[in-house]
Amino acid sequence: MSHLATDSHSYFCPCPRGLEAALAEELNEIAQFSAPAVTLKVHTQVPGGVHCSGLLSDAWRINLHSRIASRVLLRLTHGAYKNENDIYDMTLEQEWESWFPVSHTIRVDVTAVKSPLRSLQFTTLKIKDGICDRFRDLCNERPSVDTGTPDMRIVGFLDAHNFTLYLDTSGEALFKRGWRAETGDAPLRENLAAGLLRTSGWKPGTVLFDPMCGSGTILIEAAQIVAGIPAGARRHFAFEKFNDFESAKWLAIKGSFKPNPLPTTPTIFGSDISGDMVQIAANNLRNAGILFEVPIKQIEAQEVKPPVEVEHGIMLTNPPYGERIGVRGDSTLSSDDLLTAFFSAFGTTLKQRFAGWSVFLFSADLGLPKLLRLKEARKTPFFNGALECRLFRFDMVAGFNRREAAKPKAE
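**Q** Help me out: how do you make sense of the overall build of the protein chain in this one?
**A** In terms of regular secondary structure, the protein chain is built from 13 helices and 14 strands. Computed over its C-alpha atoms, the radius of gyration of the protein chain comes to 24 Å, within 12% of the 22 Å expected for a compact globule of 411 residues. With the C-alpha coordinates of the protein chain rotated into their principal frame, the extents come out at 85 × 50 × 35 Å. By sequence separation, contacts in the protein chain at least 24 residues apart represent 79% of the contacts at least 6 residues apart. Element-wise, carbon and sulfur atoms account for 52% of the exposed surface of the protein chain, whose accessible area totals about 19,200 Å². Put simply, the protein chain has 46 plus and 47 minus side-chain charges, and the middle of one group is 5 Å from the middle of the other.

Take a look at the structure:
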């Protein structure tokens, strides 16, 4: 067994901004999977991710089970730098040959916050040169660069004074779960959907309804949690291409999760205005290995009713922007007027039909409560990529509709 497998390593797990606390909580849960000897330790949260440490097998576990992390980056070195030559020297010193063979293709990415270096492109080149020169000195060959589907991704991070070099254990970003065949326009990323579910407080057994489900991302994340299917069960990872990869040990970890008994009555429901989207969502659920019923109807969001009689349910949805609201809209109205009319009608539906429900709407439109004519109970800031968004929570109080109905109508 290589010393790399038995050593403890430092990791950084990036995630969508706003989900750091949710990711730290999730990592602490994943740490328990290696009990009785818990080797994964969760350290600090920083904007955009969580630092942790553990064995190489802990990185495997995070890749398999984390629904919120974007990647699992293994830290190779960290130190002060003044210029690009310092970065080249630090890169050249790393024992790349102990991690992967020269035949593997590589890709280098660099991000920086307040770095004094003028060109990130030049810095990227210096890291690539450091890796290639190390291999050339050892074996007279250099790895090829493949920016599309590299075997190994190397990530450099620069702040004002320090340089950190990481080897990516994930490969493709972790939100790519391996089931998505087709999508609508710019679907919600899977790890963001999982983070929203956790933030909403939804737990298996609670009724969940997404009335604008699009390609079904929120429904699928919830259904996989109910089924006990790990997020990474249907995909491959970069660590499988590391030197001395222990495939038998990996298969044992992968096979050690216990699927949950399948629910006999549905608790997860969806609907969408578009028949095509309903079909896509149903196909995606099948591809994601969901073997129980998740009913999805074609209906306009402002027409929906609770899918089952419950005292308390959770509605979680990412309302579409502009275009999809007008799928069957009045072509004489501008998109702004359509939006106002749609949300006004949707707000009325929530008040009249969803008493006792907690409603969570995820949107980049910070004026959403005003459009719905509702007061939010809470709003949590998140970023969807670079886009600042909010998760608005509305508690639909029983008796809301009676109060509204009793008000004198404006003439």
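Now, onward.
**Q** Sorry if this is basic, but what is going on with unusual backbone geometry here?
**A** Although it is not a glycine, Asn140 sits at a positive phi angle of roughly 60 degrees. With respect to the helices and strands, the residue Asn140 is situated in the loop between helix 6 (120–139) and strand 6 (152–158). Positive phi, close to 55 degrees, is recorded for Asp244, a residue that is not glycine. When you line up the elements, Asp244 lands in the loop between helix 8 (217–227) and helix 9 (247–254).

**Q** Which parts of the structure should I look at to understand the pairing of strand 9 (residues 268–272)?
**A** The element strand 9 is extensively covered by neighbouring structure, given that five of its five residues are classed as buried. Of the two faces of strand 9, the one holding Ile268, Gly270 and Asp272 and the one holding Phe269 and Ser271 are both buried throughout. Here strand 8 (residues 208–210) runs beside strand 9; their pairing, made up of three bridges, is parallel. Note on strand 9: the bridge partner recorded for Asp210 is Gly270. Bridge count between strand 9 and strand 10 (residues 296–298): three bridges; the pairing is parallel. Residue pairing across strands places Asp272 opposite Gln298, the latter belonging to strand 10. After leaving strand 9, the chain enters helix 10 (residues 275–287) and then returns to the sheet as strand 10, a path that is right-handed.

**Q** Sorry, what's going on with the sheet that holds strand 3 (residues 49–54) here?
**A** Each strand in a sheet pairs with another by means of backbone hydrogen bonds, the pair being arranged parallel or else antiparallel. Here seven strands make up an open sheet; going across it, the order is 2-3-1-4-7-6-5 and the pairing mixed. Single-partner strands in this sheet number two, and they are strand 2 (41–46) and strand 5 (106–112). This sheet shows a mean twist of 30 degrees between the axes of neighbouring strands, independent of strand direction. Strand direction decides the pairing type here: strand 1 (residues 9–14) and strand 3, joined by six bridges, are antiparallel. Paired with Tyr11 across the two strands is Cys52, which belongs to strand 3. Lying on the sheet, helix 3 (residues 56–65) is in contact with strand 1, strand 3 and strand 4 (73–80); it crosses strand 1 at an angle near 15 degrees.

**Q** Got a minute to help me understand the packing of helix 7 (residues 190–200) against helix 8 in this structure?
**A** Relative placement of two packed helices is described by the angle separating their axes and the distance separating the axes. Two elements in contact, helix 7 and helix 8, have axes separated by 9 Å at closest approach and are oriented at 65 degrees. Between helix 7 and helix 8, the crossing angle belongs to the class labelled roughly perpendicular. Relative to helix 8, helix 7 is oriented so that their crossing is right-handed. Touching Glu190, Ala193, Ala194 and Leu197 of helix 7 are Thr217, Ile218, Glu221, Ala222 and Ile225, all from helix 8. Among the residues making up the contact of helix 7 with helix 8, the classes are represented as six nonpolar, one polar and two charged.

**Q** Sorry if this is basic, but what is going on with the pattern of salt bridges here?
**A** As a working rule, side chains carrying opposite charge can pair if their charged atoms are close by. Counted under the stated rule, the structure contains 16 salt bridges. Of the charged contacts in the structure, one is a salt bridge between Asp168 and Arg71, with a shortest N-O distance of 2.5 Å. Of this pair, Asp168 sits in strand 7 (residues 162–168) while Arg71 is found in the loop between helix 3 and strand 4, placing the two residues 97 residues apart along the sequence. Owing to a relative accessible area of 0%, Asp168 belongs among the buried residues under this scheme. Where Asp151 meets Lys241, a salt bridge forms, and the shortest distance between an N and an O atom there is 2.9 Å. Here the residue Asp151 occupies a position in the loop between helix 6 and strand 6, and Lys241 occupies one in the loop between helix 8 and helix 9, the gap between them amounting to 90 residues. Assessed through its relative accessible area of 17%, Asp151 is described here as buried. For Lys241, a relative accessible area of 39% gives the class partly exposed.

**Q** When you look at helix 2 (residues 20–31) in this model, what are you seeing that I'm missing?
**A** For an α-helix the count is 3.6 residues per turn, leaving residues at separations of three or four pointing the same way. For helix 2, built from 12 residues, the straight-helix expectation of 16 Å at 1.5 Å per residue is met to within 8% by its first-to-last C-alpha distance of 16 Å. Three or more residues of helix 2 are buried, namely Glu20, Ala22, Leu23, Ala24, Glu26, Leu27, Ile30 and Ala31.

**Q** Help me understand the state of the cysteines, please; the structure alone is not making it clear to me.
**A** Summed over the entire model, instances satisfying the criterion amount to zero disulfides. Free of any disulfide, Cys132 has its nearest neighbouring cysteine sulfur in Cys139, separated by 11 Å. Left unpaired, Cys213 is separated from the closest cysteine sulfur, that of Cys389, by 19 Å.

**Q** Explain the side chain of Thr91 here, please?
**A** Turning to its location among the elements, Thr91 is positioned in helix 4 (residues 84–93). Those residues within four positions of Thr91 in sequence are excluded, and the remaining contacts are Trp96, Ile127, Gly130, Ile131, Phe163 and Leu165.

**Q** I would appreciate a short explanation of the sheet that holds strand 10 in the present structure.
**A** Pairing in this open sheet of seven strands is mixed, and the strands run 10-9-8-11-12-14-13 from one edge to the other. The sheet is open, and its two borders are formed by strand 10 and strand 13 (378–384), each paired with just one other strand. Strand after strand, the sheet turns through a mean of 20 degrees between neighbouring axes, direction not considered. The strands that helix 7 touches are strand 8, strand 11 (314–317), strand 12 (358–363), strand 13 and strand 14 (387–395); relative to strand 13, the one it contacts most, it runs at about 165 degrees. Sitting on the sheet, helix 8 is in contact with strand 8, strand 9, strand 10 and strand 11, with an inclination near 165 degrees to strand 9.

Conventions and cut-offs
Note that residues are indexed from 1 along each chain, following the sequence as it is written. The predicted nature of this model means local features are confined to residues of pLDDT at least 70 and side-chain atom pairs, given and counted, to a pLDDT of 80 or more, with totals for whole chains, interfaces and linings taken over all residues. With hydrogens and water excluded, all non-hydrogen atoms of the structure serve as input to the side-chain values. Elements are defined by DSSP. Helices are runs of H or I of four residues or more, strands are runs of E of two residues or more, and each kind is numbered from the N terminus. Radius of gyration here uses only the C-alpha atoms, and the compact-globule reference equals 2.2 Å multiplied by the residue count raised to the power 0.38. By definition in these notes, contact holds between two residues if any of their heavy atoms fall within 4.5 Å. For the accessible areas, the method is Shrake-Rupley and the probe is 1.4 Å, while residue cover comes only from the protein chains on display. As used throughout, the charge tally considers Lys and Arg to be positive and Asp and Glu to be negative, leaving His and the chain termini uncounted. The atom standing in for a charge is NZ when the residue is Lys, CZ when it is Arg, CG when it is Asp and CD when it is Glu. Only protein chains enter the accessibility calculation, which uses a 1.4 Å probe; a residue whose area is less than 20% of its type maximum is buried, one above 50% is exposed, and one in between is partly exposed. Two strands are counted as paired when DSSP detects at least two bridges linking them. Seen with its strands pointing away from the viewer, a crossover is right-handed if its path from the first strand over the helix to the second goes clockwise. Axis angles are defined between N-to-C directions and span 0 to 180 degrees, where every axis is a line fitted to C-alpha atoms and, for a helix, only to the segment in contact. Each angle is binned into one of four classes, with values under 35 degrees roughly parallel, values over 145 roughly antiparallel, values of 65 to 115 roughly perpendicular, and all other values oblique. Take the far helix as your reference; a near helix turned counterclockwise from it by less than a right angle gives a left-handed crossing, and one turned clockwise gives a right-handed crossing. Classes in brief: Ala, Val, Leu, Ile, Met, Phe, Trp, Tyr, Cys and Pro nonpolar; Asp, Glu, Lys and Arg charged; the others, Gly included, polar. The salt bridge definition used is simple: a Lys or Arg side-chain nitrogen within 4 Å of an Asp or Glu carboxyl oxygen. Expected span of a helix, by definition, is 1.5 Å for each gap between consecutive residues, and there is one gap fewer than residues. Note that a disulfide, as used here, is simply two cysteine sulfur atoms within 2.5 Å.

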